[in-house]
Amino acid sequence: MPPCVFFHDARLIFKMDSLGLEILKIAFPAALALAADPIASLIDTAFMGRLGPVELAAVGVSIAIFNQASKITTFPVLNITTSFVAEEDTIKKLSMEAENEKIKDLAPEDAMADNMEKGIDTSSSANNEETKELKLPEDASTVDNMGEAIAIPTNASAVKPEKDTKRDTCKSSSASAGGKTDESIKKKKKHIPSASTAIIIGLMLGLLQAAFLMFAAKPLLGLMGVKHDSPMLVPAQKYLTLRSLGAPAILLSLAMQGVFRGFKDTKTPLYATVAGDVMNVILDPILIFSLHLGVAGAAIAHVLSQYLIALILLCRLVKEVNLLPPRMKDLQFGRFLKNGFMLLTRGIAVTFCVTLAASLAARLGSTPMAAFQICLQVWLTSSLLADGLAVAGQALLACAFAEKDMNKVTVTATRVSQMGFVLGMGLSLVVGVGLYFGSGVFSNDPKVLQIICIGVPFVAATQPINTIAFVFDGINFGASDFAYTAYSMVLVSGVSIGSLFLLSKSNGFVGIWIALTIYITLRMFAGIWRMGTGTGPWHYLRK
């Protein structure tokens with residue numbers, strides 16, 4: 001059964017049923033939000049390309065370092081928050097529903113108890129009501145008046161027995177009581193301890209990351225192959241130092257995005273991200289060219305946009321969630337740190353391969369590095385579109401596991417994986433054609449464009465592999481299988497690092513892309529393995 005599970009109900013892949021619509025409802029805004037920031041980085045890259053290949057290469061190295069530091073902390077903060085909030089919110093909803101049902105069941109007894117306390121005889125009052133309906137008027141001078149006054153039932157069901165009348169009254173009372181309860185629940189802010197914990201951890205990690213990057217910018221650039229006499233050193237150090245000031249806003253906003261994802265709300269992060277990125281795009285030409293700030297202007301524009309995103313998300317979140325827990329012991333630092341350490345290890349393994357590839361490309365010179373930066377940004381941007389499906393899979397699976405609905409788990413996982421494969425095939429065609437004919441948007445240097453053409457086949461051909469790898473990351477996160485994802489990625493990273501050193505030395509630019517292809521392929525197989533073999537959280541598939 002496990003290997004065949006991936007083809008389960010494959011004919012329904014394009015069916016817009018309730019599951020398909022729910023996946024798209026979460027995935028589409030999430031994909032747009034995830035792609036918005038890399039698109040803004042692509043625009044930064046396009047502007048930097050107008051300054052020259054040296055500036056473009058310098059910004060590329062700085063972005064690689066910044067992304068390495070950010071993604072190390074992003075993986076635990078964002079993914080753990082999404083799973084924990086989704087589980088906690090689902091459990092609370094199930095608890096509230098059970099409580100509401102209990103209230104509805106107790107409503108008739110409560111009504112009778114109140115009547116007895118007031119000394120009201122419900123049976124006599126019911127008889128009095130029936131007597132009033134059948135009572136003749138004192139002034140019944142005409143037959144017409146008499147006919148209007150007497151309420152004579154035309155069938156047996158019109159006059160209900162006393163027992164039925166009581167039951168209907170209690171049902172109505174219960175329904176109204178339930179309605180009031182539901183209304184009060186909607187107006188009341190949610191208390192989600194994991195949300196408060198995530199925001200505190202995100203802010204602390206952001207401050208630490210900013211301090212680390214500001215004081216270690218020059219040594220880190222040296223590790224990336226930017227030597228002290230390189231023309232890339234000054235602009236790269238300036239860009240990295242200024243960009244690091246936005247780290248607290250980025251980590252804080254990512255923690256809040258994880259909370260919204262847990263609520264299956266991906267529209268709010270989308271609106272905030274688009275607003276910030278629009279601000280970035282507007283400020284870029286003003287600061288870079290009009291005010292002649294160069295690479296510093298690009299960094300400042302990006303930092304300001306990140307703080308705008310964080311502010312919008314915070315204002316929206318405080319309306320829905322009580323961020324101040326009633327007791328400090330409600331915070332879940334232990335649970336976050338236990339799983340966070342594993343995802344921290346995974347984050348280092350995931351991003352180290354890409355960062356090492358950028359470092360090896362930088363050692364080839366500014367022109368190959370500029371071409372590699374453009375190909376890499378397109379590669380990551382298109383791949384992140386698949387992460388929208390991963391977000392949907394993670395949120396829905398976390399809820400299904402919390403409900404212990406294994407059938408829903410299976411159906412959701414297979415549908416998301418099948419949709420991911422179709423998306424990957426489409427991206428392969430779009431990215432290949434788009435990058436081949438549109439590379440001139442990013443640079444007007446003939447040598448850079450020539451090297452980009454060499455990388456196009458790798459960028460396009462790996463899209464289906466990237467998509468499946470990203471989707472299964474979300475599936476495994478939704479199953480809270482954090483330990484496996486960490487250990488398997490360390491193993492994949494070890495093999496990939498060896499192939500990067502070996503192939504880059506013998507084949508240069510092409511060798512780096514061959515090694516990245518090996519890396520993403522191994523990552524895909526590692527993601528599929530757990531569900532495909534029916535082990536870990538998927539052991540029930542063998543039954």
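Definitions and cut-offs
- Residues numbered from 1 in each chain as written.
- Predicted model: local features only at pLDDT ≥ 70, side-chain atom pairs only at ≥ 80, totals over all residues.
- Heavy atoms only, no water.
- Phe/Tyr/Trp six-rings, centres within 6.5 Å; stacked < 30°, edge-to-face > 60°.
- Helix = DSSP H or I, 4+ residues; strand = E, 2+ residues; numbered from the N terminus.
- Buried < 20%, exposed > 50% of the residue type's maximum accessible area, 1.4 Å probe, protein only.
- Lys NZ or Arg CZ within 6 Å of the ring centre and 35° of its normal.
- Salt bridge = Lys/Arg side-chain N within 4 Å of Asp/Glu carboxyl O.
- Core = buried A, V, L, I, M, F, W, Y, C linked by side-chain atoms within 4.5 Å.
- Contact = heavy atoms within 4.5 Å.
- Expected span 1.5 Å × (residues − 1).
- Bend = angle between axes of the 7 residues up to and from the residue.
- 1 Å grid on protein atoms, 1.4 Å probe; cavity = no way out; pocket = protein on both sides within 12 Å on 5 of 7 lines; lining within 4 Å.
- Points joined across faces, edges and corners; volume = space filled by probe spheres on them.
- Nonpolar A, V, L, I, M, F, W, Y, C, P; charged D, E, K, R; others polar.
- pLDDT = per-residue confidence, 0-100.

### As for the packing of aromatic side chains
For step 1, the next point in the chain: Within this structure, the stated rule accounts for 10 aromatic pairs.
For step 2, the next point in the chain: An angle of 90° between the planes, with centres 6.5 Å apart, marks the rings of phenylalanine 372 and phenylalanine 509 as edge-to-face. Taken as a pair, phenylalanine 372 in helix H13 (residues 366-403) and phenylalanine 509 in helix H17 (residues 482-533) lie far apart in primary sequence, 137 residues in all.
For step 3, the next point in the chain: Judged by relative accessible area, which is 0%, phenylalanine 372 ranks as buried.
For step 4, the next point in the chain: Exposure remark for phenylalanine 509: the relative accessible area of 10% places this residue in the buried category.
For step 5, the next point in the chain: Cation over ring: arginine 335 sits above phenylalanine 84, and NZ or CZ is 3.6 Å from the ring centre.

### What about the pattern of salt bridges?
For step 1, the next point in the chain: With the rule as written, the count across this model stands at 10 salt bridges.
For step 2, the next point in the chain: We note a salt bridge from lysine 93 to aspartate 89, for which the minimum N-O separation is 3.4 Å. Residue lysine 93 and its partner aspartate 89 are located together in helix H2 (residues 53-117), separated by four residues, close to a single helical turn.
For step 3, the next point in the chain: On the accessibility criterion, aspartate 89 (6% relative accessible area) is buried.
For step 4, the next point in the chain: A salt bridge links arginine 346 to aspartate 473; the nearest nitrogen and oxygen atoms lie 2.8 Å apart. Taken together, the positions of arginine 346 in helix H12 (residues 333-362) and aspartate 473 in helix H16 (residues 463-478) put the pair 127 residues apart, joining distant regions of the chain. Here the two residues arginine 346 and aspartate 473 agree in accessibility, since each one is buried.

### Focus on the nonpolar core
For step 1, the next point in the chain: One finds Phe372 and Trp538 to be the most contacted residues of the largest nonpolar core, which totals 119 residues.
For step 2, the next point in the chain: If we ignore the near neighbours within four places in the chain, the residues touching tryptophan 538 are Leu397, Phe401, Val409, Ala413, Ile475, Asn476, Ala479, Arg530 and Met531.
For step 3, the next point in the chain: By size, the runner-up hydrophobic cluster in this structure holds 17 residues, among which are Val259, Phe260, Phe263 and Ala310.

### Regarding helix H15 (residues 446-461)
For step 1, the next point in the chain: Across its 16 residues, H15 extends 24 Å between first and last C-alpha, which sits within 8% of the 22 Å expected from 1.5 Å per residue.
For step 2, the next point in the chain: The sharpest bend along H15 reaches about 40° and sits at glycine 455, with the proline proline 457 one to four residues further on.
For step 3, the next point in the chain: Looking only at H15, the buried set comprises Val448, Ile451, Ile452, Gly455, Val456, Val459 and Ala460.
For step 4, the next point in the chain: Elements that come into contact with the buried residues of H15 comprise H13, helix H14 (406-438), H16 and H17.

### Focus: empty space enclosed by the protein
In this approach a probe as big as a water molecule rolls over the atoms, and the regions it shows empty are the leftover space.
For step 1, the next point in the chain: Following the criterion strictly, the structure yields three cavities of 30 Å³ or more and no others.
For step 2, the next point in the chain: Around the second largest cavity, the lining residues are Arg346, Asp473, Asn476, Tyr484, Thr485, Ser488, Met489, Arg523, Ala526 and Gly527.
For step 3, the next point in the chain: Broken down by secondary-structure element, the contributors of at least two residues to the lining of the second largest cavity are H16 and H17.
For step 4, the next point in the chain: In terms of residue count, H17 provides more of the lining of the second largest cavity than any other element does, seven residues in total.
For step 5, the next point in the chain: When the residues that make up the lining of the second largest cavity are grouped by side-chain class, the tally is three nonpolar, four polar and three charged.

### A closer look at the confidence of the model for the protein chain
For step 1, the next point in the chain: With 82% of its residues at a pLDDT of at least 70, the protein chain reaches an overall mean of 81.
For step 2, the next point in the chain: Here residues 120-186 is a poorly scored stretch, pLDDT under 50, and it has 27 contacts once near neighbours within four places are set aside; other chains count.

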